[in-house]
Amino acid sequence: MNGYLHLWLIPLLPLAGFLINGLLGRRLPKPVVTAVALLAPLASFAIVAVAALNFFWHIGPFASVLPYTETCPIAWISVGTLHIDFSFVLDQLSLVMLLVVTGVGLLIHRYSVGYMAHDEGYARYFSYLNLFLFFMTTLVLAGNALVMFIGWEGVGLASYLLIGFWFQKTTAAEAGKKAFIVNRIGDFGFLIGMFLLLANFGTLTFSEIATKLGQDPGWTGGVVTVIALSLLLGATGKSAQLPLYIWLPDAMEGPTPVSALIHAATMVTAGVYMIARNHVLFDHSPFALSVVAIVGAATALFAATIGLVQNDIKRVLAYSTISQLGYMFLACGVAAYSAAIFHLMTHAFFKALLFLAAGSVIHGLGGEQDLRKMGGLRKKLPVTFWTMTAAVFAIAGFFPFAGFFSKDAILYAAFQQGTAGKALWFVGVVTALLTAFYMFRLWYLAFFGESRSPEVHAHESPWSMLGPLVILALLSIGGGWIGMDRFGSFLSAVTGPTIDPATAAGGKSLDLILSAVAVAVALVGWYIAHSFYKQKPERPAKLAAAMPGPYKVLANKYYVDEIYGATVVKPLMLTSTYVLGWVVDKAILGGSAWLLGGLATFAGALLQRWQSGNIRSYAAWLAVGAAAVLLFALVPWATFLANFGIHLTMAGN
Amino acid sequence: MNSLLSQQVPLVCYLLLSAVLFALGIVGFLIKRNLITVFMSIELMLNGVNLSFVTFAHQWHQVRGQIFVFFVMMVAAAEAAVGLAIIIAVFRARATLAVDRIDLMKL
């Protein structure tokens, strides 16, 4: 049987959920809101799961093979030679991504039911969450760059709405604005990339671009590099990479499940997905690829160092997210796209878990986010503790947790890329050390020792929240066992072949050595955290006091926000206030409007006298007018003027 | 054979009379205050035009101008009916027929 997959249902069902809860949510009883909100992602996940069963294990009704394209029968954009269809494509890459998005999305929806239970904006929250899923699945399924851009902008909108969900809080509203504006800079790059694609290839469809690039080996460097770098700018905005990462830490103002879903597991990985989707372009430009790798490595290290000293539990996780996204970019930069997607998947599991567990801690402490006021929660929040432990071990890269496999795949791929690759590998390893340190720091500070705010009675979260935690914990433990080999060969149809350790230089033993190094480094990080925060809790303060300069720089996040404030925001504000506000708006625009208005008033005042209301004056003007017309018609002006040497040329002459 | 009229009185005299009547109408319209006099001035102008119509119709031996005169008369009669009705209404409302006083539409 060759049935239809109905890909369009995957985004459209969450859209329906958004419309129902968004329009009627306030009047519907809460259980109905919950049911609608949960059914939408559940149904989407079910469709994706059926597709996955079909294409992974060939159990299912569809005889078609990947990639499976679905195009809207109505032409979308058709102008001259430009034809853009509204098309969805399901291939290995989008299938994996969809599983992550809808699967993790479903779990986080479930978790939110408990987390947001007492919030006034319950229905609004879920309508936004469903809206996010709609746009995210559109982004993932997109068959061309324009459809992807719709999803891309849409997730930005959903992100903005959810960061500023508690809009009564000034910080939240401003964080939402910041995220939106910083993303706009990235979107500019994406747009430029699209324009250049249209100008040079005449199409935005990913598969056609790949075909055209493949047919003509002359496409290297030059314009391809510019396109790739423009797309990279878009990706750095969405995926919070240097230099556009600054919005993500502030985005933690949103509800914690939002941070888990949008700002950790799914939306921020859209940049990685976009690069993987357009990898043919990047493959044709070694320069762009190296830029991707450098951006990734630099971000990974940079964000990890900031994460070392943050005291807000969610901010630690935010910087860790930026750092892990840097790993994915690093993988893309060494053309190990399947490794990047593999890490994207495992990261979605353990980072979503970390955020949800942090949310459970915050929930249990009645809104406390400061690590310095936690401590000793191991006994009070046992389920949260154990699931968090799984996530911490996963992100630190311990065997056999999920993070080990994906991080290892990335580091291995980087190590294979010559001398520069070794440098990238080294940065990756240092970052792994830092990652292990700050994650165990969080672990020790939150769960071990004595409670540092004994007046708060911590309570374990309800099972509606713990259920998703347990499922994600299982995925964080076992998710890596798919193995890079199987994962890479499955994705190879889209992302190209991966390096096989068995045949590569150094063979299987090199792979083992590199894994051992990574685990050893993680152990060192754990040990340092242990000695700092478990054995001698006074040590960190001493170290900070011994090195006040570096500590201050880190605690203030390298003053990047301040630098941007001074170099970008401030000049823009000044220009807006004085040049645009005073000169352009008030003086030029306002002045000309005032002048025109005055002119009209003046002319009106003059002409007003004509409207005397006196019938006889009207009649006189009428008579004068008639006389003037007669005069004009009867007097032979041409002859008259000819006397003075003026010659009128008539139409008839 | 020429008619008695055209033999004895040249065409220009009729046209001059027509112009004089029309000009009198205009002047009356402009300087008179009483609405009824103004109204009569309009009739005067119409009749001045009518006279020139008839003159030209005779000159060119065409009946068209004469027919037009009937149209003008008809319109003038209709106008007189409507106009007088308006004048009565105005007089009832304002108790005056002075044109200068009827200036409610003034800004």
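Please refer to the structure higher up on the page.
Residues numbered from 1 in each chain as written. Chains lettered and ligands numbered in written order. Predicted model: local features only at pLDDT ≥ 70, side-chain atom pairs only at ≥ 80, totals over all residues. Heavy atoms only, no water.

So, about the overall build of chain A. Along the backbone of chain A there are 27 helices and four strands. Going through the 653 residues of chain A one by one, you find that 53% of them count as buried. Relative to all contacts within chain A whose residues are 6 or more apart in sequence, the contacts with residues 24 or more apart total 80%. Split by element, the accessible area of chain A, about 28100 Å² in all, is 71% carbon and sulfur. Between the centroid of the 36 positive side chains of chain A and the centroid of its 27 negative side chains there is a distance of 8 Å. (Helix = DSSP H or I, 4+ residues; strand = E, 2+ residues; numbered from the N terminus. Buried < 20%, exposed > 50% of the residue type's maximum accessible area, 1.4 Å probe, protein only. Contact = heavy atoms within 4.5 Å. Areas by Shrake-Rupley, 256 points an atom, 1.4 Å probe, with all protein chains shown as cover. Lys, Arg positive; Asp, Glu negative; His and termini not counted. Charge placed at Lys NZ, Arg CZ, Asp CG, Glu CD.)

What follows is about the overall build of chain B. When helices and strands are counted, chain B shows four helices and zero strands. When the accessible surface of chain B is summed, it comes to about 7600 Å², and 73% of that surface belongs to carbon and sulfur atoms.

Turning our eyes to something else, we now look at the nonpolar core. Counting 207 residues, the largest nonpolar core has A:Leu90, A:Phe282 and A:Phe440 as the members making the most contacts within it. With 19 residues, helix 15 (residues 337-364) of chain A is the single largest residue contributor to this core. Among residues more than four places away in sequence, those in contact with A:Phe440 are A:Val392, A:Phe393, A:Ala396, A:Phe398, A:Trp526 and A:Ala529. If you look at the next biggest cluster of nonpolar residues, it comprises 12 residues, including B:Phe29, B:Val38, B:Met45 and B:Ile102. (Core = buried A, V, L, I, M, F, W, Y, C linked by side-chain atoms within 4.5 Å.)

A word on the interface of chain A and chain B. Each partner contributes to the interface: chain A provides nine residues, whereas chain B provides 11 residues. Summing both partners gives a buried area of about 900 Å² for chain A against chain B, and 64% of it is carried by carbon and sulfur. Three residues, A:Gly613, A:Ile615 and A:Arg616, lead the burial of chain A against chain B; their summed loss comes to 56% of the area buried on that side. Across the contact surface, chain A and chain B share zero salt bridges. Our count for the contact surface shared by chain A and chain B stands at zero residue pairs in polar contact (both at pLDDT 80 or more). Looking at the side of chain A that touches chain B, the element that brings in the most residues is helix 26 (residues 615-634) of chain A, giving four residues. (Buried area = accessible area lost by both parts, 1.4 Å probe. Salt bridge = Lys/Arg side-chain N within 4 Å of Asp/Glu carboxyl O. Polar contact = N/O pair within 3.5 Å; in protein donor to acceptor, adjacent residues only side chain to side chain.)

A few words on the packing of helix 5 (residues 145-163) of chain A against helix 10 (residues 256-265) of chain A. All names here are of chain A. Two elements in contact, helix 5 and helix 10, have axes whose closest approach is 11 Å; the angle formed by their N-to-C orientations is 155°. Viewed along their axes, helix 5 and helix 10 adopt a mutual orientation that is roughly antiparallel. The chirality of how helix 5 crosses helix 10 is left-handed. Only Val258, Ile262 and His263 of helix 10 make contact with helix 5, whose side of the interface consists of Ser159, Leu162 and Ile163. (Axes fitted to C-alpha atoms, helices over the stretch in contact; angles between N-to-C directions. Parallel < 35°, antiparallel > 145°, perpendicular 65-115°, else oblique. Left-handed = near helix turned anticlockwise from the far one by under 90°.)

We now examine the environment of A:Val96. All names here are of chain A. Relative to the helices and strands, Val96 resides in helix 3 (residues 92-115). With relative accessibility at 5%, the residue Val96 sits in the buried group. For the pair Val96 and Gly333, spaced 237 residues apart in the sequence, the C-alpha separation amounts to 20 Å. Among all residues touching Val96, those that are not within four sequence positions of it are Ile341, Met345, Phe487, Phe490 and Leu491.

Right, let's get into the packing of aromatic side chains. With the rule as written, the count across this model stands at 45 aromatic pairs over all chains. Seen from their ring centres, A:Phe393 and A:Phe401 are 5.5 Å apart, and the 35° between their planes marks the pair as tilted. Ring centres of B:Phe68 and B:Phe71 lie 6.3 Å apart, and the angle between their planes is 55°; this geometry places the pair in the tilted category. Highlighted residues: B:Phe68 and B:Phe71, both in helix 4 (residues 64-94), separated by three residues, approximately one helical turn. Among the residues examined, B:Phe68 registers a relative accessible area of 46% and is labelled partly exposed. A relative accessible area of 47% places B:Phe71 in the partly exposed class. These aromatic residues form a ring-pair network of at least three members: A:Phe385, A:Trp386, A:Phe393, A:Phe398, A:Phe401, A:Phe440, A:Trp443, A:Tyr444, A:Phe447, A:Phe448 and A:Trp526. The ring centre of A:Tyr122 lies 4.6 Å from the NZ or CZ of A:Lys30, which sits over that ring. A cation sits over an aromatic face here: A:Lys422 above A:Phe415, 4.6 Å from the ring centre. (Phe/Tyr/Trp six-rings, centres within 6.5 Å; stacked < 30°, edge-to-face > 60°. Lys NZ or Arg CZ within 6 Å of the ring centre and 35° of its normal.)

Another point: the side chain of A:Thr236. Relative to the helices and strands, A:Thr236 resides in helix 8 (residues 222-238). At 2.7 Å, the side chain of A:Thr236 forms a polar contact with the backbone oxygen of A:Leu233.

Attention now moves to helix 15 of chain A. All names here are of chain A. Taking 1.5 Å per residue, 28 residues should reach 40 Å; helix 15 reaches 39 Å between its end C-alpha atoms and fits that length. Its maximal kink placed at His347, helix 15 deviates by approximately 25°. Burial runs high along helix 15: 27 of the 28 residues are buried. A positive backbone phi angle near 70° is found at Gly366, which sits one or two residues after helix 15. (Expected span 1.5 Å × (residues − 1). Bend = angle between axes of the 7 residues up to and from the residue.)

By themselves, these observations are geometric and do not establish any function.
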